[in-house]
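A structural walkthrough
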Amino acid sequence: MQIVYLGTAAAEGIPGIYCNCDACRRALKAGGRNIMTRSQVLIDGRLLVDFGPDTYAHFLRMGKTMYDIGYALITHSHIDHFSLCEAPNRPEGMSHGITHKKMKIYAVAEIAEGMAEEAERQRLIGRKLFNEFFEPVSLKLYQTVDVGGYKVTPLPARHSTKEQPLLFLIEKDGKSMFYGNDTGIFGNEIDDWLAANGKHIDLLSLDCTKEDTEFDYYTHMCMAEDRKIADRFADRGIIGADTKLVVTHFSHNGGLIYDELVKAAEKYGFTVAYDGFTVDL
């Protein structure tokens, strides 16, 4: 599996579009890896995780379009992770030569069942046309589904949404990724399920919105909390010395820019993702 981190920031991005804080000023001046767009990953160039407002820019940066992307997983409904703004651009006339006529979008039922209606409500695309080019698929916690040859298991995140937000265990060809951002410290029931089902994680990717600061914000994590999750998983044999440990989903409110994040993360044994960061399993 090859995982490309297309974007690595929280909702406001770094720098924030309206922000003039110290971290944003320094990130803007330094450029490069300090510039972070909204979080999204692409697996093997085929499977998209989240479909936010920076998707078009992400694909342009890779030098490609989405003509051959047939599958997307949605963690939750916050607009930095799920936006329908590109829905009108998929039908014939706006796009030509797409590989999959229908793009399958996997989400919890509250999102999946209302997707076409919401696109129409926003006056983006009519329900009938939406359903010709998109296929919403409802997910249930702990029920593994086949998504284009990948085994995907949705797990419960701890986040502030009207619906149940999701984490994902994604498996293929004996390799696995745990995608765990937009969550606070989650319950031990996840550890229990992973251990009971004999899961070994090759890439543990965790939320780091609070960066290296600890404050009462239960819907996201900091590096110390990420370390607690990693230690919990290690104690149950879910991860091992060969597991790659990555933090992502950063906010300027943590006050650090990229090189500072790297230095801080070294204390906890994590690698810091950046836009374009690639992991091969």
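The present account deals with the structure reproduced in this document. The structure presented is a predicted model; accordingly, all values stated were derived computationally and were not measured.

Throughout the structure, instances matching the rule amount to zero disulfides. Here Cys21 stays free of any disulfide, with the sulfur of Cys19 as its closest cysteine sulfur at 3.5 Å.

This part takes up unusual backbone geometry. Residue Pro15 is reached from Ile14 by a cis peptide bond, and omega for that bond is 0 degrees. For Pro15, the location among the structural elements is in the loop between β1 (2-7) and α1 (22-30). Positive phi values are uncommon outside glycine, yet Asp182 reaches one of about 60 degrees. Positionally, Asp182 belongs in the loop between β10 (175-180) and α6 (188-196).

Let's shift gears to the sheet that holds strand β14 (residues 277-280). Overall, mixed pairing links the seven strands, which are arranged β6-β5-β4-β3-β2-β1-β14 in an open sheet. Among the strands making up the open sheet, the edge pair consists of β6 (134-139) and β14. Direction aside, neighbouring strands of the sheet carry axes that sit 20 degrees apart on average. In this structure, strand β5 (residues 103-108) lies alongside β6, joined through six bridges in parallel fashion. In the sheet register, Ala107 faces β6, and the bridge partner there is Ser138. Across the sheet, helix α2 (residues 55-62) is in contact with β1, β2 (40-43) and β3 (47-49); its angle to β1 comes to roughly 125 degrees.

A word on the packing of aromatic side chains. The final tally for this structure, using the stated rule, is eight aromatic pairs. Note on Tyr5 and Phe277: the rings are 5.6 Å apart at their centroids and 45 degrees apart in plane angle, and the pair reads as tilted. Here the residue Tyr5 occupies a position in strand β1, and Phe277 occupies one in strand β14, the gap between them amounting to 272 residues. Residues Tyr5 and Phe277 agree in their burial class; the two are buried. Members of the aromatic cluster, each reached through a chain of ring pairs, are Tyr5, Tyr258, Tyr274 and Phe277. If you follow Arg90 out to its NZ or CZ, it ends over the ring of Phe134, 5.8 Å from the centre.

Under the definition given, this model contains 15 salt bridges. Taking the shortest distance from any N to any O, the salt bridge between Lys267 and Asp212 comes out at 2.9 Å. Remark: Asp212 occurs in the loop between β11 (203-207) and α7 (223-235) and Lys267 occurs in the loop between α8 (258-266) and β13 (271-272); sequence separation between them is 55 residues. Owing to a relative accessible area of 59%, Lys267 belongs among the exposed residues under this scheme. Exposure remark for Asp212: the relative accessible area of 27% places this residue in the partly exposed category. One salt-bridge network, in which partners are shared between bridges, spans Asp22, Arg25, Arg26 and Glu260.

Quick notes on the rules
- Position numbers for residues start from 1 in each chain and track the written sequence from start to end.
- Residue-level local features of this predicted model are given only where pLDDT is at least 70; pairs of side-chain atoms are given and counted only at 80 or more, and the full residue set underlies all totals for whole chains, interfaces and linings.
- Here the side-chain values reflect all heavy atoms present in the structure, with hydrogen atoms and water set aside.
- The term disulfide is used for any two cysteine sulfur atoms that are within 2.5 Å.
- Helix and strand definitions here come from DSSP, where helices need a minimum of 4 consecutive H or I residues and strands a minimum of 2 consecutive E residues; each element is numbered from the N-terminal end.
- In short, DSSP must find at least two bridges between two strands for them to pair.
- Simply put, an axis is a line fit to the C-alpha atoms, just over the touching stretch for a helix, and the angle between two N-to-C directions goes from 0 to 180 degrees.
- Residues are treated as being in contact if the distance between any of their heavy atoms lies within 4.5 Å.
- Note on aromatic contacts: the rings of Phe and Tyr and the six-membered ring of Trp form a pair at centre separations within 6.5 Å, being stacked when their planes are under 30 degrees apart, edge-to-face when over 60 apart, and tilted otherwise.
- For every residue, the accessible area obtained with a 1.4 Å probe (protein chains only) is divided by the maximum for its type, and the residue is called buried under 20%, exposed over 50%, and partly exposed between those limits.
- Each ring is checked for a lysine NZ or an arginine CZ that lies within 6 Å of its centre and within 35 degrees of its normal; such an atom marks a charge sitting over the ring.
- Throughout this description, the term salt bridge denotes a Lys or Arg side-chain nitrogen within 4 Å of a carboxyl oxygen of Asp or Glu.

These values are about where atoms sit, not about what they do.
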